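Fold and contact review
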Amino acid sequence: MDAEGLGALSDLCLAQVCRSLDTLCGRRTDGSLYLSWALLLPQEMADQLLHKMAAEGLLNDRTVGIFRNCKELRLRRAFIRCCPVSAEAFHLALCPHRLQELDASWVPGGLTGADVVSGLASNPECSSSLQRLSLNGLRLDWESLGEDGGTRVGFSSLKGLRTLNLANTDLTDAVLEDICSLPQLESLDISCSAVSELSALLECRATLRSLIAHRLRQLDMSSARLLFVLSQLHALRHLDFSDDHFAGLSTDDDDGREGDETVRQLLEENPRVLPALVSLDVSGRKRITEAAVRAFVEARSGLVFLGLLATGVSSCDVLSTRRDLKVTGEANEGQVCEALRRYRERECFTREALVHLYNLTTDVDKPRPDILKLVLSGMQSHRGSLHVQLVATACVFSLTTQDLAESMPVHLLTATVTQLLQAMRTFPHHQQVQKNCLLALCSDYVLQDVPFDKYLAAKLVMNWLSSHEDPTLQRMAIAVISILVAKLSTEETAQLGTDIVIMKQLLGIVQQKAMVGVVDTTLKFALSALWNLTDETPTAARHFIQCQGLELYEEVLESYYRESSIQQKVLGLLNNVAEVEGLQGDLMEEDLLEHILSLLRDSQVEVGVRYFAGGILAQLASRPEAWTLDEELRATILEDLHASIMSWAPPEREMVSYRSFGPFLPLLQTSQPSGVQLWAVWAIHLVCSQNTPHYCSMLQNEGVIDLLKALAAYPDAHSDITRVAEIILALVEQHQSH
């Protein structure tokens, strides 16, 4: 097995462990879990298990307890990003390990930077082994740190630290001074922090190779002093001094001017300043000229990256002459995609790049899963950003429209649709976001063949439909709902059917169309949705009656007499109502049954319409004790059922599908009239002949085969019925023999 196959197998095993934690674990008195077995895992596997638990949203104070076992589960690279782990759980489960890396970024629930540092420093092995630490988005709460043996605990206690990420924290100048005393510090990220002075960096000038200082809005240094400090960092290979240009749009002060001036001077300076520099990011800086960029690029032959997004100079001609130079900007697809790759965690730049990407993808004519993956990454990183979700959902539609989705990896489409649903849920009242998501969802391939939470999707689209009446969007929403409802399990359909508001909305659309006699896709999709919603769902069928759906459907049957596609969907739903014993009395209207009987008899009517008309009549006539109309009418129905069915030719295309054969069981009893039995066996034969593997297994599992055998062997059974029953049994036997 190759490395990729081993990785996939490993991931499947870890996923299974994650799903089975409650089975595999015992519980301590504090509620935390411990593994009941003491198998020594390979060290890398322990890291992967922790990461998988975090990625699946399973890591918390209870589950992280399994890592208190440092002998069997030995962590080196710990990942608890965005997981609700408290300070106490962190100390107990992670600090005893000899960690080399820790990502505790954006951990909710009160864990502070001080908690992390004090916990790590309490383990002498960890304080020397830890090389990479990310506390992005945490509150440092530095004042709470105590002393250890008379020495104040700080970042400087972690002597082996080489890479430190303190972006989006309350980092202060004093803490920065402590950090810069680290003897091996090579990479430092202080973006979006509260530091005002960078002179402390001079303490690590000999070791610091990467400095990320994006959007330092509280920096209080003259451009001359700032340039002097930066120019002394002789080992520096990567410098990010970019700025959030959106953040300054509402201010009239000079925020960023000193930084912009520093960047201008840096670009124009002699290459002897920062001689080791091979990567510079100045995206968002607005006072850069093409001349300065040209001079900088031409003077540095070793340059491999230049960040110029939102600077206005990314189309500088010199950039196209350096094929080995990666650039973020908006001049072409390559620059925009590079921006999405590099700026995943920066909302301002993700938003900017997506806007330019949308302009590039509006007429895309070939599948681009590489770009869709970048868009998805941006959406996942900024779930709460309206600006990002608005543009990203539009990009998703452009990249998956027409037949493009069919050439995309299914797992990528699943993740994308899941994120679309997240956007719909997060911004329920933003019309354009909802519209973009609907446009992207309105794809037969996506709805039929891509796995995702179809119940959630149906709920979200129904919620949107309740407050919008735009005809185009209404048509799309109804189309999406009609397909989704057909894909739900019986349990999910029943759950959706408990909401009477959904029934009212769909019936309202049918009534709106029927009042003007329109035959369009919106009406057809609404009827399909109602049909699927009531399938083996008594509660939904009951809501249909309560909402005067029967009266409406009687009108539709009469006014659309020659529209077989409409008639079939209407009769299909009435079949569902007729299957519910407690609602059969509502259908006992002589005029209604006479009309349905006329459809059954009419040889000019399509078989599909006659089939569903027969299904309603068979269900109602199968229970003589519930029959409340004239007995002569029942006798006529039973006689005409048999005669009509014998004249039907099976349709070539699939006409109907069934979730189960449950509604057929009462109709197959040997005591039933032949017309009732014949309709049931004809229906079973129809679906079995069109999809043998699926329905033959259903027949076996649901006990229908025994009923068919009983019918075939029953001496008083009509020969027409025994013949069809025997054909079905032969089909099953033939299928099983293969």
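The following refers to the structure shown. (Residues numbered from 1 in each chain as written. Predicted model: local features only at pLDDT ≥ 70, side-chain atom pairs only at ≥ 80, totals over all residues. Heavy atoms only, no water.)

**Here we look at the overall build of the chain**
The following threshold applies: In this description a helix means any DSSP run of H or I spanning at least four residues, a strand means any run of E spanning at least two, and both kinds are numbered starting from the N terminus. Atoms considered for the radius of gyration are the C-alpha atoms alone. The globule rule reads 2.2 Å times the number of residues to the power 0.38. Buried residues are those whose accessible area, probed at 1.4 Å on protein chains only, stays under 20% of the maximum for their type, while exposed residues exceed 50% and partly exposed ones sit between those limits. Contacts are assigned to residue pairs that have any heavy atoms within 4.5 Å of one another. Per-residue and other accessible areas follow the Shrake-Rupley method at a 1.4 Å probe size, with only the shown protein chains counted as cover for residues. When charges are tallied, Lys and Arg are placed among the positive residues and Asp and Glu among the negative ones, while His and the ends of the chain are skipped. To locate a charge, the coordinates of NZ of Lys, CZ of Arg, CG of Asp or CD of Glu are taken.
Scanning the chain from N- to C-terminus turns up 32 helices and 14 strands. For the chain, whose C-alpha radius of gyration is 34 Å, the value lies well above the compact-globule estimate of 27 Å for 738 residues. Burial analysis of the chain (738 residues in total) assigns 54% to the buried set. Taking the intrachain contacts of the chain between residues at least 6 apart in sequence as the baseline, contacts between residues at least 24 apart amount to 69%. In the form shown here, the chain has an accessible surface area of approximately 31900 Å², with 48% of it arising from carbon and sulfur atoms. Averaging the positions of the 63 positive and the 95 negative side-chain charges in the chain gives two centres separated by 9 Å.

**Overview of the environment of Glu 536**
Rules: In the analysis that follows, any N or O atom pair within 3.5 Å is treated as a polar contact, provided that within protein one partner can donate a hydrogen and the other can accept it, and provided that, for residues neighboring in sequence, both atoms belong to side chains.
Of note, Glu 536 is situated in the loop between helix H22 (521-533) and helix H23 (538-546). With relative accessibility at 24%, the residue Glu 536 sits in the partly exposed group. Taking the C-alpha atoms as reference, Glu 536 lies 75 Å from Ala 299; in sequence the two are 237 residues apart. Filtering out sequence-adjacent residues up to four positions away, Glu 536 remains in contact with Thr 490, Arg 659, Ser 660 and Pro 663. Polar side-chain contacts of Glu 536 include one of 2.8 Å to the side chain of Ser 660.

**Re the pattern of salt bridges**
For the record, the criterion: Whenever a carboxyl oxygen of Asp or Glu lies within 4 Å of a side-chain nitrogen of Lys or Arg, that contact is scored as a salt bridge.
The tally for this structure, following the rule as stated, stands at 29 salt bridges. Among the salt bridges present, the one from Glu 186 reaches Arg 162, with a minimum N-O distance of 2.9 Å. Remark: Arg 162 occurs in the loop between strand S7 (151-152) and strand S8 (163-165) and Glu 186 occurs in the loop between helix H7 (173-179) and strand S9 (187-189); sequence separation between them is 24 residues. Asp 535 is paired through a salt bridge with Arg 659; the nearest N and O atoms lie 3.2 Å apart. Of this pair, Asp 535 sits in the loop between H22 and H23 while Arg 659 sits in the loop between helix H28 (631-645) and helix H29 (674-690), and the two are 124 residues apart along the sequence. Here the salt bridges do not stand alone but share partners, grouping Asp 11, Lys 52 and Glu 56 into one network.

**What to know about the sheet that holds strand S13 (residues 305-307)**
What counts is decided by this rule: By the convention used here, strands pair only if DSSP detects at least 2 bridges between them. Note on geometry: axes are lines fitted to C-alpha atoms, helical ones only across the stretch in contact, with angles between N-to-C directions running from 0 to 180 degrees.
A sheet is described by the order of its strands in space; here ten strands give the open sequence S3-S4-S5-S8-S9-S10-S11-S12-S13-S14, paired in parallel fashion. Whereas interior strands pair on both sides, the edge strands pair on one side only; in this sheet they are strand S3 (77-79) and strand S14 (326-328). Geometrically, the sheet is characterised by an average inter-axis angle of 5° between neighbouring strands, direction not taken into account. As paired strands, strand S10 (residues 210-212) and strand S11 (residues 238-240) are joined by three bridges and run parallel to one another. If you follow Ile 212 over to S11, its bridge partner there is Asp 240.

**Some words on the nonpolar core**
Nonpolar side chains in soluble globular proteins generally cluster together in the buried interior. Stated precisely, the cut-off is as follows: We call a set of buried Ala, Val, Leu, Ile, Met, Phe, Trp, Tyr and Cys residues a nonpolar core when their side-chain atoms join them within 4.5 Å.
The biggest cluster of nonpolar side chains holds 158 residues, and the ones touching the most others in it are Leu 574 and Trp 679. By residue number, the principal contributor to this core is H29, which donates eleven residues. When near neighbours in sequence (up to four residues on either side) are disregarded, Trp 679 contacts Asn 575, Tyr 611, Gly 614, Gly 615, Ala 618, Ile 645, Trp 648, Tyr 658, Phe 664 and Leu 667. Membership of the second largest hydrophobic core comes to 102 residues, among which are Leu 133, Phe 155, Leu 171 and Leu 274.

**Describing unusual backbone geometry**
The phi torsion at Trp 106 lies on the positive side, around 55°, for a residue other than glycine. Considering the arrangement of structural elements, one finds Trp 106 in the loop between strand S4 (101-103) and helix H5 (113-121). For Trp 106, a relative accessible area of 39% translates into the label partly exposed. Despite not being glycine, Arg 215 has its phi angle at roughly 50°, a positive value. Relative to the elements of secondary structure, Arg 215 occurs in the loop between S10 and helix H8 (223-231).

**Things to note about helix H16 (residues 431-441)**
All buried positions along H16 are accounted for by Val 433, Gln 434, Asn 436, Cys 437, Leu 438, Ala 440 and Leu 441. Buried positions along H16 lie against helix H14 (386-400), helix H15 (410-426), helix H17 (444-449), helix H18 (454-465) and helix H19 (471-487).

**Observations regarding the side chain of Gln 232**
Checked against the element boundaries, Gln 232 lands in the loop between H8 and S11. In this structure Gln 232 comes out as buried when scored by relative accessible area, which is 19%. Among all residues touching Gln 232, those that are not within four sequence positions of it are Leu 202 and Arg 205.

**A few points about the packing of aromatic side chains**
Convention followed: Centres within 6.5 Å make a pair out of two Phe, Tyr or Trp rings, where for Trp the six-membered ring is used; the pair is then stacked when the planes are under 30 degrees apart, edge-to-face when over 60, and tilted otherwise. Here, a charge over a ring means that NZ of Lys or CZ of Arg falls within 6 Å of the ring centre while also lying within 35 degrees of the ring normal.
Counted under the stated rule, the structure contains 13 aromatic pairs. For the pair Tyr 343 and Phe 349, a centre-to-centre distance of 4.7 Å together with 50° between the ring planes defines the contact as tilted. A relative accessible area of 2% means that Tyr 343 is categorised as buried. The exposure class assigned to Phe 349 is buried, which follows from its relative accessible area of 0%. With a centroid separation of 5.0 Å and 90° between ring planes, the pair formed by Tyr 658 and Phe 664 is classed as edge-to-face. Judged by relative accessible area, Tyr 658 falls into the buried class, the value being 13%. Over the aromatic face of Phe 305 sits the side chain of Arg 342, whose NZ or CZ is 3.6 Å from the ring centroid.

**Focus on the side chain of His 238**
Looking at the secondary structure, you find His 238 in strand S11. Judged by its relative accessible area of 18%, His 238 is buried. Separated by 2.6 Å, the side chains of His 238 and Ser 279 make a polar contact. The contact partners of His 238, leaving out residues within four places of it in the chain, are Arg 209, Ser 210, Leu 211, Ile 212, Leu 277 and Ser 279.

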